[in-house]
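Each chain is listed here by its residues.
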Amino acid sequence: MNLKRRIVLKGTAAASAIGVAGLLAPRAVLAAWPEAAFTAKTVPEALEALTGNSAASESGDIKIKAPDIAENGAVVPVTVTTSIEGIQSISVIAANNPVPLVASYNMGEGALGFVSTRIKMGKSGDVVAVVKAGDKLYSASKGVKVTIGGCGG
Amino acid sequence: MAKKSIKIRAKVKEDIVTVKALMTHPMETGARKDKSGELIPAHFIQEVVCESGGKTILTADWSGGVSKNPYLSFKFKGASKGDMVKLSWADNKGKSDSVEAKIG
């Protein structure tokens, strides 16, 4: 892969993310959507914006089910299960994506520690699951190798 | 959207309801380019809300990093067979859709 081309692409992706965030008006309809967290470029920044805390402790009680090798980065099935009590939210992060925070699930009454989605991954990297419970953050990660990137370009 | 954009199935087993949903949506990140090199504007689902029995079970905040035609599955307690579960989404262009299904 041509490295220079990659860098250029990454740059445009980042710039456009900012442009889009500034330009779109209907954002107001969804006041709850954590825009800052979804425009953050690094994992700690995203966590900070999302939960006000960037220190997550590793936990063995979170299981991530994702393929070791994803043939198509556009569709990577990720399932997060956790046995932690009193969970408030589960966030799914693809560490090497231009916008690392992929999804954040706020758990309401009765919801169990299980979410499953298909995500895009630009390149190989860790999939990180961050679980918020009792105002503390717990995390787990799993490496996924991507053979074809799924973030466009 | 004229046609229903959500397919949903909810099943209860030993007190735990498993909901599986498939939505039809392009999920553009805003970083891709079309053939002429123009950026395709971002168009993705931002929020998915699931309710049952008047309570909000789960709210999902999504970015464009979720795959096209997103799939979502989750589990919850506190509903029984025959109850309704409602799922709705809203995207960054202000469109939305919702569907109700019976738990079987």
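These numbers were taken from a predicted model, which means no experiment stands behind them. (Residues numbered from 1 in each chain as written. Chains lettered and ligands numbered in written order. Predicted model: local features only at pLDDT ≥ 70, side-chain atom pairs only at ≥ 80, totals over all residues. Heavy atoms only, no water.)

Give me the interface of chain B and chain A: which residues, what numbers.
Interfaces are frequently sized by the accessible area removed from exposure as the parts join. Across the boundary between the two partners, chain B contributes 40 residues, which contact 36 residues of chain A. Between chain B and chain A, a total of about 3,000 Å² is buried, with carbon and sulfur atoms accounting for 57% of that surface. On the surface where chain B and chain A come into contact, there are one salt bridge. Between Lys 55 of chain B and Glu 109 of chain A there is a salt bridge whose closest N-O contact spans 3.6 Å. Applying the counting criterion to the chain B and chain A interface returns 17 residue pairs in polar contact (both at pLDDT 80 or more). (Contact = heavy atoms within 4.5 Å. Buried area = accessible area lost by both parts, 1.4 Å probe. Salt bridge = Lys/Arg side-chain N within 4 Å of Asp/Glu carboxyl O. Polar contact = N/O pair within 3.5 Å; in protein donor to acceptor, adjacent residues only side chain to side chain.)

Describe unusual backbone geometry, and please don't skip the residues or the numbers.
A positive phi angle is found at Asp 135 of chain A, which is not glycine, with a value near 65 degrees. By secondary structure assignment, the location of Asp 135 of chain A is in the loop between β8 (125–133) and β9 (136–146). Unlike most non-glycine residues, Asp 15 of chain B shows phi in positive territory, near 80 degrees. With respect to the helices, strands and loops of the structure, Asp 15 of chain B is situated in the loop between β1 (6–13) and β2 (16–23). The exposure class of Asp 15 of chain B is partly exposed, given its relative accessible area of 48%. (Helix = DSSP H or I, 4+ residues; strand = E, 2+ residues; numbered from the N terminus. Buried < 20%, exposed > 50% of the residue type's maximum accessible area, 1.4 Å probe, protein only.)

So what about the confidence of the model for chain A? Which residues, and what values?
Residues and elements named next belong to chain A. Taken residue by residue, chain A gives an average pLDDT of 77. The fraction at 70 or more is 76%. When the elements of chain A are averaged for pLDDT, helix α1 (residues 3–23) gives the smallest value, 54, and strand β4 (residues 76–82) the largest, 91. A low-confidence stretch, residues 18–30 stays under pLDDT 50, and its non-local contacts, those more than four residues away or across chains, total 17 contacts. (pLDDT = per-residue confidence, 0-100.)

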